[in-house]
Each structure stands twice: as C-alpha cells, then as structure tokens.
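Survey of secondary and tertiary structure
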Amino acid sequence: MQNYQDFLAETLIDPETLQQRVRELGAEISRDYADANGNLLLICILRGGVPFLVDLMRCIAVPHRIDFMAISSYGVGARESSGNVRLTMDLMTNIKDKHVLLVEDIIDSGRTIASVLELLGTRQPASLKVCALLDKESRREVEVPIHYRGFNIPDAYVFGYGLDIDEYYRNLPFIGVVDLEKYGK
Ligand code: IMP
C-alpha cells in the first residue's frame, strides 16, 4: 500500500475550503426545502458519497431522513463508467411522494446519475434533485441536471473525501489529484 504523498500531484481542494462549501450547500438546501414538512429524503450512492453526506446532513437545518443505495457499473474498466448501471443494493425507503435529493461525490460522464435518475423517476417521488460535490463538466457525455454543485473541477483523476483509488484513500479530508504514473497505472 502506497502512501498518498508518493503519488499526490497536487491538493485540489483543502479541508477548510471543502467544509466551507458544504456549509453553504447545506444552508441553500435548508432554505429550498423549508416547506418540505419532514418529507425530504437524502439518498447517498455508496460508497463515494458517504463523507459528503455525513458532513452535509449536519449542515441541513430542516428535518429529513437518509437512505442508501449501491450500484455497480459494468462494461468498461474501473476508471470509466459505462452507464450500464446495475442496482446492487436498493433503498429501504419507499420514495413515492417524497422530496428526494440524490447526494453524489462526483459527476463525470453523467451516465451513472442519469441511470439512477431514470430508475428513481419511475417510483413517483414528489420531486427529484441532484446534489454533487464535484463536477467534471468538461467530460460530460449525457446531459444531467445538477441542482446543487460543490465545485467544478478539471479533467483529472481525483481522490480523497470519499473518492477512491482501488477502494482506498476515501478517508482523506481533502481532494487530491493523482499522478497516475507515480501511482503505477
Ligand atoms: P460517471 O457515470 O462517468 O458520471 O461517473 C461517476 C462515478 O465514477 C462516480 O460516482 C465515481 O465513483 C467515479 N469517478 C469518476 N471520476 C472519478 C475520479 O476522478 N476519482 C474517483 N472516482 C471517480
């Protein structure tokens, strides 16, 4: 197991900047869902969205519930999503008539979130919105709505704060750029 210092090309977003933006998003969401009457449901897509969800929910002042779902995308290598998304763990909550806010770590091609939106849309939620911490907008292949966006980032492979490299480094409190050559890929 390598130390991240060995392949960290640069720190893209430091912990303080991340936390500040999460607080802003939480305040915005609290305002927008002020009348949701406890009917707001945050859905975290495992596993990358976990640190973001945990920090964000503590900055949301209106009553809400949380749930989790897991998906896996298949068809191409681990670093590219194919959009062929398979549900590997479904929600515990019935989302009919709920105000659903999807909490995602990063939107790259847009294929993953597009499939999830399509799936959840069939379950008749009262509303369905997307909150993404990071947006690699220049990589977009599928048009997707992002109602709350943390940061627009350049086209680079990033890790930390939920984002993994081969399932590790999700615990780091910052977003870093990987030097893939130094990582050995
Ligand atoms: P999309 O379907 O291409 O939008 O890919 C979204 C998913 O790919 C995210 O939920 C992440 O799991 C993964 N992903 C995309 N870019 C990165 C990255 O730079 N680092 C880590 N995971 C990433």
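As shown above, the structure is provided for reference.
Everything in this summary refers to the structure shown in the same document.

Definitions and cut-offs
- Residues numbered from 1 in each chain as written.
- Predicted model: local features only at pLDDT ≥ 70, side-chain atom pairs only at ≥ 80, totals over all residues.
- Heavy atoms only, no water.
- Salt bridge = Lys/Arg side-chain N within 4 Å of Asp/Glu carboxyl O.
- Helix = DSSP H or I, 4+ residues; strand = E, 2+ residues; numbered from the N terminus.
- Buried < 20%, exposed > 50% of the residue type's maximum accessible area, 1.4 Å probe, protein only.
- Core = buried A, V, L, I, M, F, W, Y, C linked by side-chain atoms within 4.5 Å.
- Pairing = 2+ DSSP bridges.
- Right-handed = clockwise from strand over helix to strand, strands pointing away.
- Phe/Tyr/Trp six-rings, centres within 6.5 Å; stacked < 30°, edge-to-face > 60°.
- Polar contact = N/O pair within 3.5 Å; in protein donor to acceptor, adjacent residues only side chain to side chain.
- Contact = heavy atoms within 4.5 Å.

1. Thoughts on the pattern of salt bridges
Under the defined criterion, the tally for this structure stands at 14 salt bridges. Linking Asp90 and Arg123 is a salt bridge whose minimum nitrogen-to-oxygen distance equals 3.0 Å. Of this pair, Asp90 sits in the loop between strand S4 (84-89) and strand S5 (99-107) while Arg123 is found in the loop between helix H3 (111-121) and strand S6 (127-135), placing the two residues 33 residues apart along the sequence. Asp90 sits in the partly exposed class, given a relative accessible area of 36%. Taking the shortest distance from any N to any O, the salt bridge between Arg170 and Asp164 comes out at 3.7 Å.

2. A look at the nonpolar core
In terms of nonpolar packing, the biggest core is built from 29 residues, with Ile29, Phe52, Leu56, Leu133, Leu134 and Ile175 touching the most fellow members. Secondary-structure elements contributing two or more residues to this core are helix H1 (15-32), strand S2 (40-46), helix H2 (50-57), S5, S6, strand S7 (148-152) and strand S9 (175-178). If one sorts the elements of this core by residue count, H1 sits on top with four residues. By size, the runner-up hydrophobic cluster in this structure holds 18 residues, among which are Ile107, Leu117, Val130 and Ala132.

3. Considering the sheet that holds strand S1 (residues 8-13)
If you trace the three strands from one edge of the open sheet to the other, you get S1-S9-S8, paired in antiparallel fashion. Looking at strand neighbours, the two that pair on one side only are S1 and strand S8 (158-159), the edges of this open sheet. Looking at chain direction, S1 and S9 are connected through four bridges and run antiparallel. Directly across from Thr11, in S9, lies its bridge partner Gly176.

4. As for the pairing of S6
Every regular strand shows the same layout, with side chains that alternate between the two sheet faces. Most of S6 sits out of view: seven of its nine residues are buried. With H3 bridging S5 and the parallel S6, this β-α-β connection has right-handed handedness. Where S6 meets S7, four bridges bridge the pair, whose relative direction is parallel. Paired with Asp135 across the two strands is Asn152, which belongs to S7.

5. Overview of the packing of aromatic side chains
Tallying each qualifying case throughout the model produces seven aromatic pairs. When the ring of Phe159 is compared with that of Tyr169, the centres are 6.0 Å apart and the planes differ by 75°; the resulting orientation is edge-to-face. Taken together, the positions of Phe159 in strand S8 and Tyr169 in the loop between S8 and S9 put the pair ten residues apart, joining distant regions of the chain. One exposure class covers both Phe159 and Tyr169, and it is buried. Summarising the aromatic geometry, the rings of Tyr168 and Tyr169 are spaced 6.4 Å apart at their centres and angled 65° between planes, so their arrangement reads as edge-to-face. Following the ring pairs from residue to residue traces out a cluster consisting of Tyr4, Phe7, Phe159, Tyr168, Tyr169, Phe174 and Tyr183.

6. Some thoughts on the side chain of Asp55
By secondary structure assignment, the location of Asp55 is in helix H2. Owing to a relative accessible area of 14%, Asp55 belongs among the buried residues under this scheme. A polar atom in the side chain of Asp55 sits 2.9 Å from the side chain of Arg58. Residue contacts for Asp55: discarding those within four places in its chain leaves Gln19, Val22 and Tyr161.

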